[in-house]
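Chain by chain, the residues:
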Amino acid sequence: MTRPRILLVDDEPNLRKVLGALLEQDGFEVHAEEAAEPALARVRASPSDTFDAVITDLRMPGMDGIALLRALLSYDPHLPVIVLTAHGTVDSAVEAVKLGAFDYLEKPFDRAHIRAVLERAVATRVRSGPSMGAPAAETDDPSVAVGMVGDSPAMQAVREVIRTAAKSPSTVLITGESGTGKELVARALHLGSDRADGPFIRLNCAAIPPGLVESELFGHEKGAFTGAVSSRPGRFELADGGTLFLDEISEIPLSIQVKLLRAIQESEFERVGGVKTIRADLRIIAATNRDLVEVIAEKRFREDLYYRLNVVPIRLPALRERIEDLPALLAHFVERCNARLGKRVRGFDDDALARLSAYPWPGNIRELENLVERMVLFASSDVILAAELPEAFQADPSRTAGAGPVSGAGHLPQVRVPLSSLGMDLKEAVRLGSRMVEEVLIREALQQTGGNVTRSARLLGISRRSLQSKMKELGLRDEPPRAD
Ligand SMILES: Nc1ncnc2c1ncn2[C@@H]1O[C@H](COP(=O)(O)OP(=O)(O)OP(=O)(O)O)[C@@H](O)[C@H]1O
Ligand SMILES: [Mg+2]
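The rules we used
- Along each chain, the written sequence defines residue order, and numbers are assigned to residues from 1.
- Each chain is given a letter, starting from A, and each ligand a number, starting from 1, according to the order in which they appear as written.
- Where local features are concerned, this predicted model is filtered to residues with pLDDT of at least 70; where side-chain atom pairs are given and counted, the filter is 80 or more; whole-chain, interface and lining totals use all residues.
- Only hydrogens and water are removed before side-chain values are computed, so all heavy atoms of the structure are retained for them.
- For the purposes of this entry, the term helix denotes a DSSP run of H or I that reaches at least four residues, the term strand denotes a run of E that reaches at least two, and both are numbered from the N terminus.
- Burial classes follow relative accessibility: with a 1.4 Å probe on protein chains only, a residue under 20% of its type's maximum area counts as buried, one over 50% as exposed, and anything between as partly exposed.
- In this description, contact between two residues means that some pair of their heavy atoms is separated by no more than 4.5 Å.
- Accessibility throughout is a Shrake-Rupley quantity obtained with a 1.4 Å probe, and a residue counts as covered only by protein chains that appear here.
- Only the six-membered ring of Trp is used, alongside the rings of Phe and Tyr, when aromatic pairs are assigned; centres must lie within 6.5 Å, and planes under 30 degrees apart are stacked while those over 60 apart are edge-to-face, with the rest tilted.
- Put simply, a charge is over a ring when the Lys NZ or the Arg CZ is close to the ring centre, within 6 Å, and near the line of the ring normal, within 35 degrees.
- Axes, fitted as lines to C-alpha atoms, cover a helix only where it is in contact. Angles between the N-to-C directions of the axes lie from 0 to 180 degrees.
- Here the angle decides the label: under 35 degrees means roughly parallel, over 145 means roughly antiparallel, 65 to 115 means roughly perpendicular, and every other value means oblique.
- Residue polarity follows a fixed list, in which Ala, Val, Leu, Ile, Met, Phe, Trp, Tyr, Cys and Pro are nonpolar, Asp, Glu, Lys and Arg are charged, and the others, Gly among them, are polar.
- A helix is expected to span 1.5 Å for every residue after the first.
- This arc is taken over the directions from the axis of the helix to the C-beta atoms.
- The pocket and cavity definitions rest on a 1 Å grid over protein atoms only: a 1.4 Å probe that fits but cannot leave marks a cavity, an open set with protein on both sides within 12 Å along at least five of seven lines marks a pocket, and residues lining either have an atom within 4 Å of a point.
- Grid points are joined across faces, edges and corners, and a volume is the space filled by probe spheres set on the points.
- Scored from 0 to 100, pLDDT records how confident the predictor is in each individual residue.
- By definition, two strands form a pair when at least two bridges between them are found by DSSP.
- Any pair of N or O atoms that falls within 3.5 Å is considered a polar contact. Within protein, one atom must be able to donate a hydrogen and the other to accept it, and sequence-neighbouring residues count only if both atoms are side-chain atoms.
- For this description, a residue counts as near a given molecule or strand if any of its non-hydrogen atoms is within 4 Å of it.
- Only buried Ala, Val, Leu, Ile, Met, Phe, Trp, Tyr and Cys residues count toward a nonpolar core, and they belong to the same one when joined by side-chain atoms within 4.5 Å.
- Throughout the structure description, domain borders are defined by an automatic or database domain assignment.

J.: How should I be thinking about the overall build of the protein in this particular structure?
T.: Helix and strand counts for the protein stand at 19 helices and 16 strands. Here the protein holds 484 residues, and the buried ones make up 53% of them. Within the protein, counting contacts between residues at least 6 apart in sequence, those at least 24 apart form 73% of the total. For the protein, the exposed surface amounts to about 21500 Å²; the carbon and sulfur share of it is 53%.

J.: What is the right way to look at the packing of aromatic side chains in this model?
T.: Describing an aromatic ring pair means giving the distance of the ring centres and the angle of the ring planes. Under the defined criterion, the tally for this structure stands at eight aromatic pairs. Pairing Y359 with W361 gives two aromatic rings, centres 4.7 Å apart and planes at 85°, and the pair type is edge-to-face. What makes Y359 buried here is its relative accessible area of 10%. Through a chain of ring-to-ring contacts, three or more aromatic side chains come together here, namely F218, F236 and F269. Between the NZ or CZ atom of R232 and the centre of the ring of Y104, over which it lies, the distance is 4.2 Å.

J.: What is the right way to read unusual backbone geometry from this model?
T.: Most peptide bonds adopt trans geometry, and most residues besides glycine take a negative phi value. Here the amide bond leading from K107 into P108 is cis, since omega sits at -5°, within 30 degrees of zero. Positionally, P108 belongs in the loop between β5 (103-106) and α5 (111-124). Backbone geometry places E248, a non-glycine residue, at a positive phi of 55°. Within the secondary structure, E248 sits in the loop between β10 (243-247) and α11 (254-266). One non-glycine residue, N364, adopts positive backbone phi at about 50°. Looking at where N364 falls in the secondary structure, it is placed in helix α16 (residues 364-378).

J.: Can you help me understand the packing of helix α2 (residues 36-45) against helix α3 (residues 65-75) in this one?
T.: Helix packing for two helices is described by the angle between their axes and how far apart those axes are. Direction vectors running N to C along α2 and α3 enclose 10°, while the axes themselves pass 10 Å from each other. Taken together, the axis directions place α2 and α3 in an arrangement best described as roughly parallel. Each of A36, L40, V43 and R44 in α2 lies in contact with α3, whose residues at this interface are L68, A71, L72 and Y75. Looking at side-chain class alone, the contact of α2 with α3 contains seven nonpolar, no polar and one charged residues.

J.: Can you walk me through helix α1 (residues 13-25) in this structure?
T.: Here α1 is 13 residues long and its end C-alpha atoms lie 18 Å apart, about the 18 Å a rise of 1.5 Å per residue gives. Of the positions making up α1, those classed as buried are L15, R16, L19, G20 and L23. Down the axis of α1, the buried side of the element spans an arc of 115°, and every buried residue falls inside it. Opposite the packed face of α1, turned more than 90 degrees from it, sit the exposed residues P13, N14, K17, V18 and Q25. G27 sits one or two residues past α1 and shows a positive phi near 95°.

J.: Please clarify how empty space enclosed by the protein should be interpreted in this entry.
T.: Rolled over the atoms, a probe as big as a water molecule pinpoints where empty space is left. Tallied over the full model, the rule gives seven cavities of 30 Å³ or more. Along the wall of the largest cavity there are 16 residues; nearest its centre are N370, L371, R374, E439 and L474. Residue assignment for the lining of the largest cavity shows that the elements contributing at least two residues are α16 and α17 (426-448). Of the residues assigned to the lining of the largest cavity, the class counts are eight nonpolar, two polar and six charged.

J.: Is there a simple way to explain the confidence of the model for the protein in this structure?
T.: Low-pLDDT stretches of the model should not have their predicted coordinates read in fine detail. Per-residue confidence for the protein gives a mean pLDDT of 86; residues scoring 70 or more make up 88%. Contacts from residues 128-137, a stretch scored under 50 in pLDDT, to residues over four places away or in other chains number 20 contacts. Within the model, the stretch residues 397-416 combines pLDDT values under 50 with 38 contacts to residues more than four positions away or in other chains.

J.: Would you take a moment to explain the sheet that holds strand β7 (residues 200-204) for this structure?
T.: Think of a sheet as strands paired side by side through backbone hydrogen bonds, with each pair either parallel or antiparallel. Pairing within the open sheet is parallel, and its five strands lie in the order β7-β10-β13-β6-β14. Every interior strand has two partners, whereas the edge strands, β7 and β14 (312-315), have only one. This sheet shows a mean twist of 20° between the axes of neighbouring strands, independent of strand direction. By the bridge criterion, four bridges tie β10 to strand β13 (residues 283-288) in an arrangement that is parallel. Across the sheet, L244 pairs through a bridge with I284, a residue of β13.

J.: Would you mind showing me how to read the side chain of S193 here?
T.: Residue position: S193 is located in the loop between α8 (182-191) and β7. Among the polar contacts made by the side chain of S193, one reaches the main-chain carbonyl oxygen of H190 at a distance of 2.7 Å. Setting aside residues no more than four positions away along its own chain, S193 makes contact with A166 and R283.

J.: Any chance you could explain the site of ligand 1 here in plain terms?
T.: Taken together, 20 residues surround ligand 1, and among them V149, G179, K182, R366 and E369 come closest. At a separation of 2.8 Å, a nitrogen atom of ligand 1 approaches a polar backbone atom of V149. Of all elements in the fold, only α8, α14 (326-341) and α16 reach the threshold of two or more residues within the shell around ligand 1. Residues of the shell around ligand 1, tallied by class, amount to six nonpolar, seven polar and seven charged.

J.: It is not clear to me how the nonpolar core should be interpreted in this structure. Could you clarify?
T.: Soluble globular proteins: nonpolar side chains tend toward being buried together. By size, the foremost hydrophobic cluster in this structure holds 60 residues, and its most contacted members are L217, F236, L246, I249, L260 and F301. Per-domain counts for this core show at least three residues from each of domain 1 (5-124) and domain 2 (142-315). Not counting the four nearest positions on each side in its chain, F301 is found in contact with I249, S250, L254, Q257, L292, V295, I296, Y306 and L309. Counting residues in hydrophobic clusters, the runner-up holds 30 residues, among them L330, C337, I365 and A386.

Structure (structure tokens):
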């Protein structure tokens with residue numbers, strides 16, 4: 001399995017050496033730059049998923065860490081950027097998190113903490129293409145501004161709710177299968193609100209060890225627990241004046257749910273180990289791909305919290321329920337990949353389109369996005385033909401595909417690669433190839449275990465968590481954990 005790739009940016013040679021060595025020992029592949037400008041150039045010149053996270057110092061000659069953070073996030077809003085800070089500059093680190101940094105690390109470093117933060121960053125890394133600069137047209141429609149594509153009746157209804165709900169302070173609960181665009185909707189709601197200039201803070205509740213959820217949400221005071229070497233604000237405080245996006249809310253431990261309910265209802269809370277009551281003015285948006293009513297029935301989610309969150313419900317349709325949006329989505333992703341990969345693909349032929357339309361898309365838009373990226377990369381002519389599609393799409397399109405998410409094992413695209421238009425060097429091609437092999441093996445393991453993630457992870461010799469994050473990248477649905 002490939003090691004996660006980290007880009008480390010610091011002007012201090014010693015720090016690059018020491019931190020770099022630590023990270024290498026912990027299993028990361030480290031690339032270092034001594035200034036922000038070359039780091040930015042490097043990220044822009046690499047394929048979208050080259051780096052799993054960036055660690056950057058704040059104070060550097062030339063472009064500083066904050067400017068680098070802004071530039072990186074406007075290029076790829078999903079890239080986890082972690083800032084380094086010395087004592088005395090914690091305020092600017094907190095500022096950085098409000099601007100969208102994934103987290104910050106304080107010097108002197110605590111190795112276990114660094115590793116935990118990086119693992120979390122890598123696990124939540126969503127592979128998605130960089131945004132192609134500013135949205136095409138000046139618009140005051142927030143769903144357009146975030147690049148949401150699709151005008152099917154179902155999506156028009158969603159856009160309408162976003163327009164209305166964005167302006168209200170009410171809590172929104174976004175539901176929908178994996179990859180349907182829940183995070184995109186959350187960003188649109190923030191952008192369309194009168195808090196658009198405030199921070200948009202995201203917390204993926206599934207990515208945090210249960211014991212740390214409370215301190216992530218509400219912060220902690222120095223010494224509150226082992227490892228709490230200094231006090232830290234939580235996401236509630238950081239979101240003051242803006243929006244707090246609680247992703248995968250079904251995974252919030254039951255023991256924290258009462259505290260969360262109170263914090264939402266009264267806009268006040270205490271840090272872990274703290275006595276002072278803190279007030280924050282924020283708007284909550286929650287998302288889940290689970291049916292919360294079911295989770296309530298399983299006694300893992302409080303009904304009162306559900307009602308408090310579900311003030312404005314937004315349900316995102318699965319791609320197969322609005323398959324009429326497929327042509328527009330394909331055109332959108334093809335154009336984006338062309339720009340990024342320097343290709344000139346015009347699109348898919350009718351036969352290919354028919355096959356794509358008949359596919360059930362368990363991983364929804366994310367799965368579609370990944371497929372388009374691969375197809376454009378390997379396209380041998382300007383039109384992609386049905387025969388070039390992966391095996392999962394080769395079934396008779398008139399038969400409504402019932403292929404479950406894990407049943408398409410063993411499909412590498414059957415394409416002849418025209419070396420003249422490969423558009424990348426050997427190293428990159430090998431990297432892409434190994435990602436494909438990874439996909440085949442993961443699908444195979446899932447098929448052999450009937451979709452059991454725990455057993456598949458064991459078969460593959462990786463942790464359940466990292467299998468889940470890989471499955472997410474590949475647009476494979478994760479079944480709820482089974483007790484085994
Ligand atoms: N309507 C759309 N138009 C264009 N791109 C979209 C649309 N919906 C989603 N996407 C893209 O698809 C990818 C997945 O979307 P997003 O991360 O918002 O999904 P999600 O519902 O949060 O998924 P998950 O449950 O897996 O976290 C992103 O790259 C997003 O930009
Ligand atoms: Mg999401």
